[in-house]
Amino acid sequence: MTIELRVMPAERFAAWLEESRRGYEQSRIESGESTEVAAQKARAGFAASFPDGQIAPGQLVYDVVALDGNGASTVVGYLWISQTGDRADAWWVSDIEIHEDHRGKGYGRAAMQLAEGAAAKQGAATLGLNVFGYNTVAHDLYESLGYETVSTQMRKPVGQ
């Protein structure tokens with residue numbers, strides 16, 4: 001299996017942007033936020049990274065592409081990495097997804113390893129990410145790649 005990252009073509013970017021924003025919003029809802037709060041936070045976050053639907057500096061969006069032995073290529077997912085805050089050497093995996101019909105084949109692991117290289121080329125010293133609590137498969141993958149937990153948020157409903 002050979003995997004590479006390719007800059008997402010402009011003709012697919014707008015659809016990806018909406019899909020990624022909706023997915024982020026849904027993850028926030030599944031993690032316990034109200035629909036309204038999740039929608040507001042998703043809109044605000046994406047507006048900052050993609051003002052007017054354009055890629056801001058410090059944002060890199062890729063297709064994850066699998067190559068077969070004959071040179072044919074298949075887009076199996078996407079990856080978005082970004083510079084965080086004021087530190088040029090701190091990068092973040094903002095979103096990664098391997099399409100459902102391609103999961104379980106090692107593409108996610110390979111894409112994460114390529115993400116590390118892509119971030120390093122941008123001057124990154126660290127690459128961080130967030131894993132929603134319900135996503136145990138992703139948590140296990142990241143842990144197996146050497147990512148360490150640096151913070152844990154916990155919540156309990158009260159007064160309901």
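Here the structure is a predicted model, which is why all the values come from computation and not from measurement. (Residues numbered from 1 in each chain as written. Predicted model: local features only at pLDDT ≥ 70, side-chain atom pairs only at ≥ 80, totals over all residues. Heavy atoms only, no water.)

So, about the sheet that holds strand β3 (residues 73-83). Within a beta sheet, neighbouring strands are joined by backbone hydrogen bonds and run either parallel or antiparallel to one another. As summarised here, the arrangement of the five strands in space is β1-β2-β3-β4-β5, forming an open sheet in which the pairing is mixed. Strand pairing shows two members of the sheet lacking a second neighbour, β1 (2-7) and β5 (126-129), which therefore form its edges. On average, each strand axis in the sheet is tilted by 35 degrees relative to the strand beside it, whichever way the strands run. Relative to β5, strand β4 (residues 90-98) is paired through four bridges, and the arrangement is parallel. Note on β5: the bridge partner recorded for Val93 is Leu129. (Pairing = 2+ DSSP bridges. Helix = DSSP H or I, 4+ residues; strand = E, 2+ residues; numbered from the N terminus. Axes fitted to C-alpha atoms, helices over the stretch in contact; angles between N-to-C directions.)

Bringing the nonpolar core into the picture now. With 26 residues, the main nonpolar core has Val64, Leu79, Ile81, Val93 and Met112 as its most contacted residues. In terms of residue count, the dominant contributor to this core is helix α3 (residues 107-121) (seven residues). Leaving out residues up to four positions away in the same chain, Met112 has contacts with Val93, Ile96, Leu129, Tyr142, Leu145 and Tyr147. Membership of the second largest hydrophobic core comes to nine residues, among which are Leu17, Phe50, Val61 and Tyr78. (Core = buried A, V, L, I, M, F, W, Y, C linked by side-chain atoms within 4.5 Å. Buried < 20%, exposed > 50% of the residue type's maximum accessible area, 1.4 Å probe, protein only. Contact = heavy atoms within 4.5 Å.)

Counted by the stated rule, this structure contains nine salt bridges. With a closest N to O distance of 2.5 Å, Glu25 and Arg21 form a salt bridge. Taken together, the residues Glu25 and Arg21, both in helix α1 (residues 10-30) and four residues apart, mark about one turn of the helix. The residues Glu25 and Arg21 share a single accessibility class, namely buried. When the shortest N-O distance is used, the salt bridge between Glu97 and Arg103 registers 3.6 Å. On the accessibility criterion, Arg103 (45% relative accessible area) is partly exposed. (Salt bridge = Lys/Arg side-chain N within 4 Å of Asp/Glu carboxyl O.)

With 21 residues, α1 extends 30 Å between its outermost C-alpha atoms, agreeing within 8% with the 30 Å of an ideal straight helix rising 1.5 Å per residue. Taken as a whole, α1 carries its principal kink of about 25 degrees at Trp16. For α1, the set of buried residues is Phe13, Trp16, Leu17, Ser20, Arg21, Glu25, Ser27 and Arg28. Elements in contact with the buried residues of α1: α2 (35-49), β2 (59-67), β3 and β4. Just beyond α1, the residue with positive phi is Gly32, at close to 110 degrees. (Expected span 1.5 Å × (residues − 1). Bend = angle between axes of the 7 residues up to and from the residue.)

The subject of this paragraph is the packing of α1 against α2. At a minimum axis distance of 8 Å, the contact between α1 and α2 shows a crossing angle of 140 degrees. Here α2 runs oblique to α1, going by the angle between their axes. Crossing hand, α1 versus α2: right-handed. Where α1 approaches α2, its residues Leu17, Ser20, Arg21, Tyr24, Glu25, Arg28 and Ile29 are matched on the opposing element by Thr35, Ala38, Ala39, Lys41, Ala42, Arg43 and Phe46. Of the residues that constitute the contact of α1 with α2, the class distribution is seven nonpolar, two polar and five charged. (Parallel < 35°, antiparallel > 145°, perpendicular 65-115°, else oblique. Left-handed = near helix turned anticlockwise from the far one by under 90°. Nonpolar A, V, L, I, M, F, W, Y, C, P; charged D, E, K, R; others polar.)

For the rest of this paragraph, the subject is the packing of aromatic side chains. In total, this model carries twelve aromatic pairs according to the counting rule given. Here Trp16 and Phe50 contribute two aromatic rings whose centre-to-centre distance is 5.8 Å and whose plane-to-plane angle is 80 degrees, an arrangement assigned as edge-to-face. Pair noted here: Trp16 is in helix α1 and Phe50 is in the loop between α2 and β2, with a separation of 34 residues, a long-range link. Side by side, Trp16 and Phe50 carry an identical accessibility label, which is buried. Among the aromatic residues, those joined into a ring-pair cluster are Phe13, Trp16, Tyr24, Phe46, Phe50, Tyr78, Trp80, Phe132 and Tyr134. (Phe/Tyr/Trp six-rings, centres within 6.5 Å; stacked < 30°, edge-to-face > 60°.)

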